[in-house]
Amino acid sequence: MQVNIDPSWKPFLEKEFNKPYFEQLASFVKEEYRNHTIYPPARQIFSAFELSKFEAAKVVILGQDPYHGPKQANGLCFSVSKEVSIPPSLVNIFKEINQDLGISIPSNGDLSRWAQQGVLLLNATLTVRARQAGSHQHKGWETFTDAIISVLSDNKQHLVFLLWGNYAQKKEILIDTSKHLVLKSAHPSPYSADRGFFGNHHFSKTNAYLSEHGLMPINW
């Protein structure tokens, strides 16, 4: 398994890489790539940590699984490569940004520009079999990504965590809410966006909090 991460993450994550659960996870993932079609491409599994430096992290958006359709997943939650049609949940995210901040809806769903500004786009599970949602859950990825949330909470100040939907909201127990802002709402999926995602103003609230603490707002 290719672990491509920015060097700034290594002091915080190397101990996880050396734990037995991660060694077992790595063996499982390697075998899966050998025998099945797995997303994202192996070189992009850790894109969230390659594009966002630890010290620059300001916002954490939590997803669940990578997209499981052809060419969709690129290692950043909710994001797709430029040539891929924008998925419905991301369409709704862009709609909320438009309503909240007046920003035009982009022509593509590549969120790498957010990552480069310090938005960690983190799925709980970093790999998935083609067309089999949830197929790599409970293999060790959640232990790893929970550790990341805890590391960020413990070692940073004034992060904004965007928790959309019940799954993401369960991660709040890993976050020190006395020194970070946690914003919760319904998931942007078409099945739930009308039940509290639309109108949540999370993007303007995030930027207001960052500005209040002397940090550069995100250009959403």
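Keep in mind that what you see is a predicted model, and the values were worked out from it rather than measured. (Residues numbered from 1 in each chain as written. Predicted model: local features only at pLDDT ≥ 70, side-chain atom pairs only at ≥ 80, totals over all residues. Heavy atoms only, no water.)

Caption draft 1: Structural context of the side chain of His 136. Its location among the elements puts His 136 in the loop between β4 (128–129) and α6 (141–155). A polar side-chain atom of His 136 sits 2.8 Å from a polar atom in the side chain of Glu 32. A polar side-chain atom of His 136 sits 2.7 Å from a polar atom in the side chain of Thr 127. Setting aside its immediate chain neighbours within four residues, His 136 contacts Phe 28, Glu 32, Ile 38, Thr 125, Thr 127, Val 128, Arg 129 and Trp 141. (Helix = DSSP H or I, 4+ residues; strand = E, 2+ residues; numbered from the N terminus. Polar contact = N/O pair within 3.5 Å; in protein donor to acceptor, adjacent residues only side chain to side chain. Contact = heavy atoms within 4.5 Å.)

Caption draft 2: Focus on the sheet that holds strand β5 (residues 160–164). The strand order β3-β2-β5-β6 describes an open sheet built from 4 strands, whose pairing is parallel. Edge positions in the sheet fall to β3 (119–123) and β6 (181–185), since each of these pairs with one other strand and no more. Neighbour-to-neighbour, the strand axes of this sheet turn through a mean angle of 20 degrees, independent of strand direction. Relative to β3, α6 is tilted by about 150 degrees, and along the sheet it contacts β2 (59–63), β3 and β5. (Pairing = 2+ DSSP bridges. Axes fitted to C-alpha atoms, helices over the stretch in contact; angles between N-to-C directions.)

Caption draft 3: Focus on the packing of helix α4 (residues 88–101) against helix α8 (residues 202–212). Where α4 meets α8, the closest approach of the two axes is 8 Å, and the angle between their N-to-C directions is 60 degrees. Looking at the two axes, α4 sits oblique to α8. Along its contact with α4, which presents Ile 93, Glu 96, Ile 97, Asp 100 and Leu 101, the element α8 presents His 202, Phe 203, Ser 204 and Asn 207. Tallied by class, the residues present in the contact of α4 with α8 amount to 4 nonpolar, 3 polar and 2 charged. (Parallel < 35°, antiparallel > 145°, perpendicular 65-115°, else oblique. Nonpolar A, V, L, I, M, F, W, Y, C, P; charged D, E, K, R; others polar.)

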